[in-house]
Amino acid sequence: MNNAPIGIFDSGLGGLTVARSIIDQLPGESVIYIGDTANSPYGTKPVERVKELSLSVMDKLVDRGVKMLVIACNTASATAVFAARSKYDELGIPVLEVISPAVHRAVSATRNGHIGVIATHTTIETETYQRALHAYQQVQVSAKACPAFVDFVERGITSGPELLAVAREYLEPIRDAGVDTLVLGCTHYPLLSGIISYVMGPEVTLVSSAEETAHDVYRQLLDKDWLNTDDGTDTVNPRYQFLATGDTQTFTRLARRFLGPEVTAVERV
Ligand code: DGL
């Protein structure tokens, strides 16, 4: 058992989809979440800049005494995971990311071997998904950057005609290419899964990394004997702390809507 919190971060609200799954699957664990909203979006920035920003946020989490880091952002996972592991490994802090869990799930889910990936510009440009998926024989990949989606989510817009028109423009070519599985390769996108599923149609399986990443967290904590188990009594008292590098009021309002009552007042970091 290790009572220290799990540190989770994203450029903004998207990583809350991962936090939600971690809180649901590991009810005994405390969580500190940072939304790097002062520097959002990450997905339009160069690789080196995203790496630098991600390491700086992870330093803040490490200073707050986390036992594990979860990069709840695909763009940061694609650019910073190796640097983060070499930096925090020696402190004994494992670093988990969101891309490999999504890749495993997509490969198990596909029936026709044609997998679509939608993500930010920077994630698509690094080709991290394309390479990881192509490591499996017979998998065909159609990848597409959908940069406007992040902006809609950060503004709290998850439905409506403007978003539907953008979704159609991005997704129809991938749907028509014949994918049967679509990886939501940005942690903001599960918040748009209603509209994405509507455009892709019911035959297409949507894969988000949130649940799979939470399974990874569970496995690692159990392996290390760090898991705070929920023994059915009220003795386990997890703490949830939410921090943002930018405006805290908007973040509080939208984070409560997207994640729920665990989000109390968001502090500025
Ligand atoms: N949610 C992030 C991702 O998974 C990044 C969104 C952004 O800041 O562009 O890639």
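What counts, and where the lines are drawn
- Numbering of residues starts from 1 in every chain and runs along the sequence as written.
- With the structure being a predicted model, the display of local features is reserved for residues of pLDDT at least 70 and the display and counting of side-chain atom pairs for 80 or more, all residues being used for whole-chain, interface and lining totals.
- The basis for every side-chain value is the complete set of non-hydrogen atoms in the structure, without hydrogens or water.
- By the criteria applied, helices consist of DSSP H or I runs no shorter than four residues and strands consist of E runs no shorter than two, each listed in order from the N terminus.
- Think of it in three bands: with a 1.4 Å probe and only protein chains considered, a residue is buried below 20% of the maximum accessible area for its type, exposed above 50%, and partly exposed in between.
- Here, a strand pair is defined by DSSP locating no fewer than two bridges between the strands.
- Should any heavy atoms of two residues lie within 4.5 Å, those residues are counted as being in contact.
- Only C-alpha atoms enter the line fits that serve as axes; for helices the fit covers just the stretch in contact. Angles between N-to-C directions range over 0 to 180 degrees.
- One heavy atom suffices: a residue is near a molecule or strand as soon as one of its heavy atoms comes within 4 Å of it.
- Pairing of N or O atoms within 3.5 Å defines a polar contact, subject to two protein rules: one partner must be a possible hydrogen donor and the other a possible acceptor, and residues neighboring in sequence count only if both atoms are side-chain atoms.
- Side-chain classes are defined by residue name, with Ala, Val, Leu, Ile, Met, Phe, Trp, Tyr, Cys and Pro counting as nonpolar, Asp, Glu, Lys and Arg as charged, and the others, Gly among them, as polar.
- UniProt positions are given in the numbering used here, feature names are shortened, and annotations may be inferred rather than shown by experiment.
- Should an angle fall under 35 degrees it is taken as roughly parallel, and over 145 as roughly antiparallel, whereas 65 to 115 is taken as roughly perpendicular and any remaining angle as oblique.
- Should the near helix be turned counterclockwise from the far one by less than a right angle, the crossing is left-handed, whereas a clockwise turn marks it as right-handed.
- Our arc is simply the arc of the directions from the helix axis toward the C-beta atoms.

In this model, Ser40 is joined to Pro41 through a cis peptide bond whose omega is 0°. The topology assignment puts Pro41 in the loop between β2 (31-35) and α2 (47-63). Not every positive phi belongs to a glycine, and Asp225 is a case in point at roughly 65°. Tracing the backbone shows Asp225 in the loop between α10 (209-224) and β9 (240-244). Here Asp225 falls in the exposed class, since its relative accessible area comes to 57%.

The parallel open sheet is built from 6 strands, whose spatial order is β4-β3-β1-β2-β9-β10. Unpaired on one side and paired on the other, β4 (95-96) and β10 (267-268) mark the two borders of the sheet. Where β2 and β9 come together, 5 bridges link them in parallel fashion. Bridge pairing in β9 places Tyr33 opposite Phe242. Strand contacts of α2: β1 (6-10), β2 and β3 (68-71), with the helix running at about 155° to β1, the strand carrying the most contacts.

Time to look at the site of the ligand. Around the ligand sit 13 residues, and of these Ser11, Tyr42, Asn74, Thr75 and His188 come closest. Separating an oxygen atom of the ligand from a backbone N or O atom of Tyr42 is a distance of 2.7 Å. Class assignment of the residues belonging to the shell around the ligand gives a composition of 5 nonpolar, 7 polar and 1 charged.

Summarizing the sequence annotation, UniProt attributes the feature "active site" (unreviewed entry) to Cys73 and Cys186 in the numbering used throughout. Maximum C-alpha separation among the annotated residues is 6.5 Å over a sequence range of 114 residues, consistent with a single clustered spot. With respect to the secondary-structure elements, Cys73 resides in the loop between β3 and α3 (74-88). Cys73 has contacts with Phe9, Asp10, Tyr42, Val98 and Thr187, leaving out every residue within four places of it along the chain. Tracing the chain through its elements places Cys186 in the loop between β7 (181-184) and α9 (193-200). You can call Cys186 buried: its relative accessible area is 6%. Residues in contact with Cys186, not counting those within four places in the same chain, are Asn74, Ile118, Ala119, Thr120 and Val150.

Quick look at the pairing of strand β5 (residues 114-119) now. Sheet faces and side chains relate simply in a regular strand, where the side chains alternate between the two faces. Extensive coverage of β5 is indicated by the burial of 6 of its 6 residues. Two elements, β5 and strand β6 (residues 140-145), share 6 bridges in a ladder whose sense is parallel. Within β6, the position partnered with Ile115 by the bridge is Val141.

What follows deals with the sheet that holds β7. Overall, parallel pairing links the 4 strands, which are arranged β6-β5-β7-β8 in an open sheet. Two strands lie at the open edges of the sheet, namely β6 and β8 (205-208), each paired on one side alone. With direction set aside, neighbouring strand axes in the sheet form an average angle of 20°. Judged from the 4 bridges that link them, β7 and β8 form a sheet pairing that is parallel. The residue bridging Val183 from the neighbouring strand is Val207, located in β8. With respect to the sheet, helix α8 (residues 161-176) is in contact with β5, β6 and β7, its orientation differing from that of β6 by roughly 170°.

Viewed as axis vectors pointing N to C, helix α4 (residues 99-109) and α10 meet at an angle of 115°, and their least axial separation amounts to 8 Å. On the basis of their axis angle, the class for α4 and α10 is roughly perpendicular. Once α4 is placed against α10, the crossing between them reads as right-handed. For the pair formed by α4 and α10, the contact residues are Pro101, Ala102 and Arg105 on the first element and Ser209, Glu212, Thr213 and Asp216 on the second. Partitioning the contact of α4 with α10 into residue classes produces 2 nonpolar, 2 polar and 3 charged.

As a further point, take the environment of Val153. Examined against the element boundaries, Val153 turns out to sit in helix α7 (residues 148-154). Spatially, the C-alpha atoms of Val153 and Tyr198 are 17 Å apart, while their sequence positions differ by 45 residues. The residues touching Val153, leaving out its near neighbours within four places in the chain, are Leu13, His188, Leu191, Leu192, Leu254 and Phe258.

To continue, consider α9. All of the buried residues in α9 are Ile195, Ile196, Val199 and Met200. With its buried residues spanning 130° around the axis, α9 presents them on a single face. Exposed side of α9, more than 90 degrees from the buried face: Gly194 and Tyr198 are the residues found there. Tucked inside the fold, the buried residues of α9 contact β5, α7, α8, β7 and β8.

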